[in-house]
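Report on the structure
Below are the chains, spelled out letter by letter.
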Amino acid sequence: MTTAMRKWMMPVLAITICFEATAQSSTIRGFVNTEKQLKDEQQFQSEISAENIGNSIKTLSSHQHNIGSPGSKAVAEQVLAWMKSWGLDAKIETYKVLFPTPKTRVLEMTAPSVFKASLKESAFKEDPSTGQVDELATYNAWSADGDVTAELVFVNYGVPSDYEMLDRMGISVKGKIVIAKYGRSWRGIKPKVAQEHGAVGCIIYSDPNDDGYHKGDVYPKGAFKPENGVQRGSVMDMPIYPGDPLTPGVGATATASRLDRKDVTNLLKIPVLPISYKDAKPLLEALEGTVAPNEWQGALPITYHIGPGKAVVHLKTAFNWDMVDCFDVIGMIKGSEFPDQWVIRGNHHDAWVYGASDPISGLSSMLEEARVLGEMSKKGWKPKRTMVFCAWDGEEPGLLGSTEWVEDHAKELQEKCVAYINSDGNGRGYLEAGGSHALETMMDEVAKSVKDPQTGVNVFERKHAAEVVNASGFAAKKTAYAKKSLSLDALGSGSDYSAFLQHLGLTTLNLGFGGEDAGGDYHTNFDTYAHYSKFKDPGFQYGAALSKVAGLTALRMANADVLPYDFSKLSKTIDGYLKDLMTATDNLRESTAIENTALKEGMYKLAIDPTEPLLPPSAKADVPFIDFTPVQNALAGLEKTSVDMNAFWGKAKENPATAKAWNTKLYQAEQQLLSADGLPRRGWYKHTLYAPGFYTGYGVKTLPGIREAIEQRNFSEAQQQVKVLADAIDRFSKYLQSSMQ
């Protein structure tokens, strides 16, 4: 370590050891008189109970409650009863949605030896929740019905870059069944890419290198996945559209017009099945052929080969394609001044099995917020704007409950929704916050107003310390250390915010804690109260921290005199995305030229070990010049507008009449960033700044129209999408300017 590094590291270490809590600011963005608001916030925080949160987790995760099950209805009715007891005006809104459950699951190896996978998880005597008679079988929802027998091929994580490597090895998966590891992408991408390459079936397993014994002790001794643990989950092609696949764009009411299942565009054509690493080992062990590259090797005590060869497997799946009830619980505390302006807080209630971590930990935090605010309301306190608390059903199979509710209420939401604040599973660790960047300044203030349960510093300071200490290299540490305010992450998909943000353009946040809650329980039968209370958040203190962060956020949006938007933050964020994209494009152009030259000069033939069956890459089309000037010009206009907005915002705060008229324009502004036609080939996603990646699923793509066109080397489309983005930013800027007139 250099002397310079030591100088920088000394204050970093001091951060982790000697933090003192920063006093809460006496001013809050958006408020003229903060005294009453701070008093209300202090009362709210003081009444949040970690014990209540733990009791809710224990109650709601005691039985299986996947959508369509009796347990799901029971959870919805329990949440409804609680909301009503706290004084909320609550109801259940029911939708009719398609949901497949397994009736046939067969996986067996027929050559070179015979093996039949158990496809079953263990019950643990140490965990009384496991092993209940109604446990949902291990499967991937939205797999196709299928009965196939074929040679097996190992495809690593099954992402596009893995297939590029297979191409260089001269290995095709056409007509084969592939086996892929969970990880590196959302699970639905793996069968999607396999299908595109001609595979007839897909098996997905959890390698112990990722969340099993290689990471730590397995359950019940430790938090990690035991040998027959299986991750259930959806493989719907959600990057096309989420929600009920039969009703894209409209709410799945009982009378809704529905597609025929054969005409649906976001469902697979091949069978898919998840298995444990215990069931995967005999299959992988039987593979011959090329030894997998070192970076493909896992932690099973075998040498990983790719195949194909003698290993032949039989995969058969069949499902009950049922229409089921989807129960969304909606509770309201009516606003005293602006009842038709809604601050919406949401978390799903359905789980694959017991779901103590996912989603009940987050739901219990939200319910504690509702309880405290409901009790305050009984004593005379009222928010200025209506506060809405939503417990969604059907998130796990594909964001069903939230998407159908948003599509059903789309016009009303675009008129009334001030902000949507989402959470999901929660655990011990650091604040994780993402969403609409115009709320970054407000979220920085909130993060500095809530104490971290373990250290006593505020949650921003603890997050900041972790970012500094974990940054790789001197330059990164220096940059992290200099950071003085919270940054919001961009949102992709994977939770109930998608329809609000990416379909309707509503201001959205996604909040939670994590980073010290690793384990292998995700979507298994041991995501239970026993596991959660021992390994994820002992004492439920981070459940209370989430209640405080999300609750303060909702309170400030509900009571602000002038809504706390800061469009200069959004302008700078978009500019950063554009610069990153321009650099990536230049790098792609240069690397393509170098690779093509090396290929032409025969360098790959000289560099490749002749004993390794690796082919040179194919030549790629040169990357042409892409003119980003229209977006740069639009951003220059937005930067000027955001300066004007900040000045006007300060004046509006002092003029109640101006503020009242302006607030509606503020919270509807982000809708101007929507594209009427949506993204190419997936028009449901309309936001021009954020979308889940076509080949990442959960992972976000910023400026997605341009970025994905470049990544897919469709350069004419990229240039077209430059204009789409520039037009959206211009429209947004002009809207903001007109709002000040």
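Computed from a predicted model, the values in this text were never measured in an experiment. (Residues numbered from 1 in each chain as written. Predicted model: local features only at pLDDT ≥ 70, side-chain atom pairs only at ≥ 80, totals over all residues. Heavy atoms only, no water.)

Quick word on the overall build of the protein chain
Worth spelling out the cut-off: Secondary structure elements follow DSSP: runs of H or I no shorter than four residues count as helices, runs of E no shorter than two count as strands, and numbering proceeds from the N terminus. Between the two quantities, the radius of gyration covers C-alpha atoms and the globule rule is 2.2 Å times the number of residues to the power 0.38. Burial status follows relative accessibility: with a 1.4 Å probe on protein chains alone, a residue under 20% of its type maximum counts as buried, one over 50% as exposed, and anything between as partly exposed. Contacts are residue-level and defined by heavy atoms, with any inter-residue pair within 4.5 Å sufficient. Exposure was quantified through the Shrake-Rupley algorithm and a 1.4 Å probe, taking into account, for residues, occlusion by the shown protein chains and nothing else. None of His or the chain ends enter the tally, which takes Lys and Arg as positive and Asp and Glu as negative. Here the site of a charge means atom NZ of a Lys, CZ of an Arg, CG of an Asp or CD of a Glu.
Each helix and strand in the protein chain was counted, giving 24 helices and 16 strands. For the protein chain, the C-alpha radius of gyration of 26 Å lies close to 27 Å, the compact-globule estimate for 741 residues. Considering only C-alpha atoms, the protein chain reaches an extent of 80 × 65 × 65 Å along its principal axes. Buried residues in the protein chain amount to 59% of all 741 residues. Long-range contacts, defined here as pairs at least 24 residues apart, represent 80% of the contacts in the protein chain between residues at least 6 apart. With the model as given, the accessible surface of the protein chain reaches about 28200 Å², and the carbon-plus-sulfur share is 52%. Taking the average location of the 79 positive side-chain charges in the protein chain and that of its 90 negative ones, the two points are 2 Å from each other.

Remarks on helix H11 (residues 400–408)
For H11, the buried fraction is high: eight of the nine residues fall into the buried class. Taken together, the buried positions of H11 are occupied by Leu400, Gly401, Ser402, Thr403, Glu404, Trp405, Val406 and Glu407.

Re the pattern of salt bridges
Note the cut-off: What makes a salt bridge here is a side-chain nitrogen of Lys or Arg within 4 Å of a carboxyl oxygen of Asp or Glu, nothing more.
A full pass over the atoms with the stated rule returns 35 salt bridges. The partner of Asp263 in a salt bridge is Lys262, with the nearest N and O atoms 3.3 Å apart. A residue is classified by how much of its surface remains accessible, and Asp263, at 44% relative accessible area, is partly exposed. The partner of Asp580 in a salt bridge is Arg707, with the nearest N and O atoms 3.1 Å apart.

Section: the side chain of Asp40
In plain terms, the rule: Any pair of nitrogen or oxygen atoms within 3.5 Å is treated as a polar contact; in protein, a donor-acceptor pairing is required on top of that, and neighbouring residues in sequence qualify only through side-chain atoms on both sides.
Mapped onto the elements, Asp40 comes out in helix H2 (residues 34–47). Within the local environment of Asp40, its side chain forms a polar contact with the side chain of Lys36, the two groups lying 2.9 Å apart. Every residue in contact with Asp40, bar those within four places of it in the chain, is listed here: Met376 and Trp381.

A few points about the packing of aromatic side chains
Counted only if it meets this: Centre distance within 6.5 Å is the pairing criterion for rings of Phe, Tyr and Trp, where only the six-membered ring of Trp is used; planes under 30 degrees apart are then read as stacked, over 60 as edge-to-face, and the remainder as tilted. In this scheme, Lys NZ or Arg CZ marks a charge over a ring once it lies within 6 Å of the ring centre and within 35 degrees of the ring normal.
Counted by the stated rule, this structure contains 27 aromatic pairs. Each ring, one from Trp186 and one from Tyr698, has its centre 5.7 Å from the other, and the planes form 35 degrees; the classification is tilted. Pair noted here: Trp186 is in the loop between strand S5 (177–181) and helix H6 (189–196) and Tyr698 is in the loop between strand S15 (690–692) and strand S16 (700–702), with a separation of 512 residues, a long-range link. Among the aromatic residues, those joined into a ring-pair cluster are Phe99, Tyr139, Trp142, Phe319, Trp321 and Trp352. Taking NZ or CZ as reference, Arg29 lies 4.0 Å from the ring centre of Trp649, over its face. When the ring centre of Phe460 is taken as reference, the NZ or CZ atom of Lys448 above it lies at 4.8 Å.

Description of unusual backbone geometry
A cis amide bond links Tyr219 to the next residue, Pro220, at an omega of 10 degrees. For Pro220, the position within the fold is in the loop between helix H7 (208–211) and strand S7 (233–234). Pro308 follows Gly307 through a cis peptide bond whose omega is -5 degrees. The phi angle at Trp142 is positive, at roughly 80 degrees, despite the residue not being glycine. Along the polypeptide, Trp142 turns up in the loop between strand S3 (140–141) and strand S4 (146–154). Under the relative-accessibility criterion, Trp142 is labelled buried at 1%. A positive phi angle is found at Arg184, which is not glycine, with a value near 70 degrees.

Some words on the environment of Thr573
Along the chain, Thr573 falls in helix H19 (residues 567–600). Accessibility expressed as a relative area gives 15% for Thr573, which makes it buried. In the structure, Thr573 is positioned 184 residues away from Phe389 in sequence and 30 Å away in space, judged by C-alpha atoms.

Here we look at the pairing of strand S8 (residues 272–275)
Consecutive residues of a regular strand have side chains that alternate between opposite faces of the sheet. Stated formally: Strand pairing follows a simple DSSP-based rule, namely that at least 2 bridges must link the two strands.
Side-chain alternation along S8 places Val272 and Pro274 on one buried face and Leu273 and Ile275 on a second face that is also buried. Here four bridges tie strand S6 (residues 201–205) to S8, and the two strands are oriented parallel to one another. By the bridge assignment, Ile204 is partnered in S8 with Pro274.

Describing the packing of helix H3 (residues 50–60) against helix H9 (residues 356–378)
Convention followed: Helix axes are fitted only over the stretch in contact, all axes being lines through C-alpha atoms; the angle between N-to-C directions runs from 0 to 180 degrees. Reported orientations rely on four angle classes, namely roughly parallel under 35 degrees, roughly antiparallel over 145, roughly perpendicular from 65 to 115, and oblique for the rest. By the definition used in this description, the sense in which the near helix is turned from the far one sets the handedness, with an anticlockwise turn below a right angle giving left-handed and a clockwise turn giving right-handed. Classification convention: Asp, Glu, Lys, Arg as charged; Ala, Val, Leu, Ile, Met, Phe, Trp, Tyr, Cys, Pro as nonpolar; all other residues, Gly among them, as polar.
At a closest axis distance of 9 Å, the pairing of H3 and H9 adopts a crossing angle of 130 degrees. The orientation of H3 relative to H9 falls into the category oblique. The handedness of the crossing between H3 and H9 comes out as right-handed. In this structure, H3 uses Asn52, Ile53, Ser56, Ile57 and Leu60 to contact H9, whose residues at the interface are Ala356, Ile360, Ser361, Leu363, Ser364, Ser365, Leu367, Glu368 and Arg371. Residues belonging to the contact of H3 with H9 are distributed by class as follows: seven nonpolar, five polar and two charged.

Some thoughts on the state of the cysteines
This is how it is decided: Here, two cysteine sulfur atoms that lie within 2.5 Å of each other are counted as a disulfide.
Applying the stated criterion to the full structure yields zero disulfides. Here Cys326 is not cross-linked by a disulfide; its sulfur's nearest cysteine counterpart is in Cys390, at 12 Å. Free cysteine Cys417: the closest other cysteine sulfur is in Cys390, separated by 9.2 Å.

Some details on helix H17 (residues 529–536)
Turn by turn, an α-helix covers 3.6 residues, leaving residues three or four places apart pointing in a common direction. Formally: It is the directions from the helix axis to the C-beta atoms whose arc is reported.
Every buried residue belonging to H17 is among His531, Tyr532, Phe535 and Lys536, and all of these are buried. For H17, the angular spread of buried residues about the axis comes to 100 degrees, placing them on one side. On its buried side, H17 packs onto H3 and H9.

Re the packing of H2 against helix H18 (residues 541–559)
With their axes 10 Å apart at the nearest point, H2 and H18 run at an angle of 150 degrees to one another. Relative to H18, H2 is oriented roughly antiparallel. Remark: the crossing between H2 and H18 carries right-handed chirality. Two secondary-structure elements touch here, H2 through Gln37, Glu41, Phe44 and Gln45 and H18 through Ser547, Lys548, Gly551, Leu552, Leu555, Arg556 and Asn559. When the residues that make up the contact of H2 with H18 are grouped by side-chain class, the tally is three nonpolar, five polar and three charged.

What to know about the confidence of the model for the protein chain
So the rule is basically this: Per-residue confidence from the predictor is reported as pLDDT, a score between 0 and 100.
Scored by pLDDT, the protein chain comes out at a mean of 95, with 96% of its residues at no less than 70. Across residues 1–24 the pLDDT falls below 50, and counting only partners more than four positions away or on other chains, this stretch makes 35 contacts in the model.

Some words on the environment of Leu373
Its place among the elements puts Leu373 in helix H9. Between the C-alpha atom of Leu373 and that of Ala584, which follows or precedes it by 211 residues, the distance is 47 Å. Discounting residues that sit within four places of it in the chain, Leu373 has contacts with Phe44, Ile333, Trp381, Met387, Phe389 and Leu555.

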